[in-house]
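What follows is each chain in one-letter form.
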Amino acid sequence: MSVQSPADWPILVISVVGAILVVEVSRRVLTKVGRKWALARHLVEHCTWPAFSVAAVVAFNLVFGPGMFGDSASERGTAGTVERVLGLFTIAAVTWLIVQAAYALTDVILDRLVLVEGSATGGRGGS
């Protein structure tokens, strides 16, 4: 869907705010689940801000239309530039989220490794 008039800016704002609210609800659910599930806890720790960024940028990208700045050639040129910049922001935000999710996963693996090594060395009575 592309918004084609300056009067549709409120739809853009509502979409972005709605996407951010969805992430916040997800974050709260994962926080509760994280008490029992380590991956959820680490996802909340690492991915909260990247997820907010992805939600906002993707919602803006989905709703933004070239006609939002107007119909003149210069306004359409500005809209084209905004679309290109949004594309770069989308790539950056998604990359940030993927990297942070990978860190969350490695934290779970490292936590388990510490438990295994801790229990293996703990029974020997020290160094």
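Provided above is the structure to which this section pertains.
The shown structure was predicted, so the numbers you read here are calculated from the model rather than taken from an experiment.

Caption draft 1: Quick peek at the overall build of the protein. A tally of regular secondary structure across the protein gives three helices and zero strands. Mapped from its N terminus to its C terminus, the protein presents α and β elements in the order α-α-α. For the protein, buried positions account for 27% of its 127 residues. Counting contacts in the protein only where the partners sit at least 6 residues apart, residues at least 24 apart contribute 76% of the total.

Caption draft 2: Spotlight on the packing of aromatic side chains. All told, the structure shown has three aromatic pairs when counted by the stated rule. Summarising the aromatic geometry, the rings of F60 and F64 are spaced 5.7 Å apart at their centres and angled 15° between planes, so their arrangement reads as stacked. Its relative accessible area of 22% is what places F60 among the partly exposed residues. Looking at F64, the relative accessible area reads 5%, which means it is buried. Aromatic ring contacts, followed pair by pair, group W9, F60 and F64 into a single cluster.

Caption draft 3: Looking closely at the pattern of salt bridges. Following the criterion strictly, the structure yields three salt bridges and no others. Among the ionic pairs, D111 bridges to R41, the shortest N-O distance being 3.7 Å. In this pair, D111 is assigned in helix 3 (residues 73-122) and R41 in helix 2 (residues 38-63), connecting sequence segments 70 residues apart. According to the relative accessible area criterion, R41 is partly exposed, its value standing at 36%. Each of E24, R27 and R28 takes part in salt bridges that share partners, so that together they form one network.

Cut-off values and rules
- Residues numbered from 1 in each chain as written.
- Predicted model: local features only at pLDDT ≥ 70, side-chain atom pairs only at ≥ 80, totals over all residues.
- Heavy atoms only, no water.
- Helix = DSSP H or I, 4+ residues; strand = E, 2+ residues; numbered from the N terminus.
- Buried < 20%, exposed > 50% of the residue type's maximum accessible area, 1.4 Å probe, protein only.
- Contact = heavy atoms within 4.5 Å.
- Phe/Tyr/Trp six-rings, centres within 6.5 Å; stacked < 30°, edge-to-face > 60°.
- Salt bridge = Lys/Arg side-chain N within 4 Å of Asp/Glu carboxyl O.

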